[in-house]
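Descriptive analysis of the structure
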Amino acid sequence: MTKHLFNVRTIFALLAISSFVLSCKKLDPEPLPKAEFTYDIDGGLVSFQNASVNFNKSEWDFGDGSQTSLANNTSHFYTANKTYQVTLTVSKDNNKDVIVKNVTVTGIKGSAVFYKGFSTNSGRNIDVYVDGAYGGTINGNYYFTGNPGCGNQNSATVQNLKEGNHSFTAKETSGLLPLSWSGTVTVVGGQCAGMGLTKN
């Protein structure tokens, strides 16, 4: 009976020691934040998806000097075709991680405005074609000494042009010996290029 009681006491003592040892075991350290993101580009609009782990705060720097964003997933509209360094910083408690990726935007389109840059009494309208397609008609009764800007009703504005050089032709629509022009216009994404037609 005494021997049996000793064994039971020994077992309980061992269990108590095991529980104490297990309770004193150090907890695993908190996993550190790890920054990662993906993105989709549609013209000048870039949608960013935060793929980071072990974080509770994030901050985006879009690389174009604009205000940062504290959103988890976010989007940003760029106004020029170029490569931007986008930075995502994620943090938790006093730990943080940073990732930087080059995001190249190429799909921002531009516009071109064609206008009459000389005075004449003829008032002849001028049809404009860009890359072989009709782009609009310039009102021959008006002329400009400088770029009137895209959308002016007395000029011809051609929109949604890819960045780069585009060929154009223009010709007066009436009169004897109508004037004509041809050449190239250089378009920059997000901007309005001006092309004044002059009389030689």
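Data block above holds the structure.
Here's what I pulled together on the structure shown here. Only a predicted model underlies this, so the values are computations on that prediction, with no experimental measurement involved. (Residues numbered from 1 in each chain as written. Predicted model: local features only at pLDDT ≥ 70, side-chain atom pairs only at ≥ 80, totals over all residues. Heavy atoms only, no water.)

Quick word on the sheet that holds strand β5 (residues 82-92)
- Here we have 3 strands laid out as an open sheet, ordered β3-β5-β6, and antiparallel in their pairing. In this open sheet, the two edge strands, each paired with only one partner strand, are β3 (57-61) and β6 (95-105). Strand after strand, the sheet turns through a mean of 15° between neighbouring axes, direction not considered.
- Pairing geometry for β5 and β6, over 11 bridges, is antiparallel. Along β6, the bridge assignment pairs K82 with V105. (Pairing = 2+ DSSP bridges. Helix = DSSP H or I, 4+ residues; strand = E, 2+ residues; numbered from the N terminus. Axes fitted to C-alpha atoms, helices over the stretch in contact; angles between N-to-C directions.)

Quick notes on the state of the cysteines
- Scanning the entire structure with this criterion turns up 1 disulfide.
- The residue that forms a disulfide with C150 is C192, at a sulfur-sulfur distance of 2.0 Å. Classification of the bridge connecting C150 and C192 rests on its S-S torsion, roughly 90°, and on that basis the disulfide is right-handed. Taken as a pair, C150 in the loop between β9 (133-138) and β10 (156-161) and C192 in strand β13 (residues 192-197) lie far apart in primary sequence, 42 residues in all.
- Take C150: its relative accessible area is 31%, and that puts it in the partly exposed class.
- Judged by its relative accessible area of 31%, C192 is partly exposed. (Disulfide = S-S within 2.5 Å. Buried < 20%, exposed > 50% of the residue type's maximum accessible area, 1.4 Å probe, protein only.)

With respect to the nonpolar core
- Judged by nonpolar contacts, the single largest core of 18 residues is most densely connected at F114, F168 and L197.
- Looking at this core, the elements that each hand over two or more residues are β7 (110-116), β8 (126-130), β10, β11 (164-172), β12 (180-187) and β13.
- Ignoring any residue separated from it by four or fewer positions in sequence, one finds F168 in contact with F114, Y129, V130, W181, S182, G183, T184, V185, M195 and L197.
- Counting 15 residues, the second largest nonpolar core, distinct from the first, contains F48, I99, V103 and V105. (Core = buried A, V, L, I, M, F, W, Y, C linked by side-chain atoms within 4.5 Å. Contact = heavy atoms within 4.5 Å.)

Re the pattern of salt bridges
- All chains considered together, the criterion is met by 3 salt bridges.
- The shortest N-O distance in the salt bridge between K92 and E30 comes to 3.1 Å. With a gap of 62 residues between them, K92 in strand β5 and E30 in the loop between α1 (2-23) and β1 (37-42) connect regions that are remote in the sequence.
- Looking at K92, the relative accessible area reads 24%, which means it is partly exposed. (Salt bridge = Lys/Arg side-chain N within 4 Å of Asp/Glu carboxyl O.)

Brief notes about the environment of V86
- Within the secondary structure, V86 sits in strand β5.
- Between the C-alpha atoms of V86 and V103, which are 17 residues apart in sequence, the distance is 6.7 Å.

Side note on the pairing of β1
- As paired strands, β1 and strand β2 (residues 45-50) are joined by 6 bridges and run antiparallel to one another. Along β2, the bridge assignment pairs F37 with N50.
- The hairpin formed by β1 and β2 contains 2 residues between the paired strands, and G43 there has a positive phi angle of roughly 65°.

Side note on the packing of aromatic side chains
- Summed over all chains, the structure comprises 11 aromatic pairs.
- With 6.2 Å between their ring centres and 35° between their planes, F118 and W181 make a pair best called tilted. Here the residue F118 occupies a position in the loop between β7 and β8, and W181 occupies one in strand β12, the gap between them amounting to 63 residues. Residues F118 and W181 agree in their burial class; the two are buried.
- Judged by centre distance (5.7 Å) and plane angle (70°), the ring pair of Y129 and Y134 falls under edge-to-face.
- By relative accessible area, Y129 is classed as partly exposed at 32%.
- What links up through ring pairs into an aromatic cluster is the set F37, Y39, F48, W60 and F62.
- Between K101 and the ring centre of F37, over which it is positioned, the NZ or CZ distance is 4.9 Å. (Phe/Tyr/Trp six-rings, centres within 6.5 Å; stacked < 30°, edge-to-face > 60°. Lys NZ or Arg CZ within 6 Å of the ring centre and 35° of its normal.)

The values are spatial; any link to function lies outside them.
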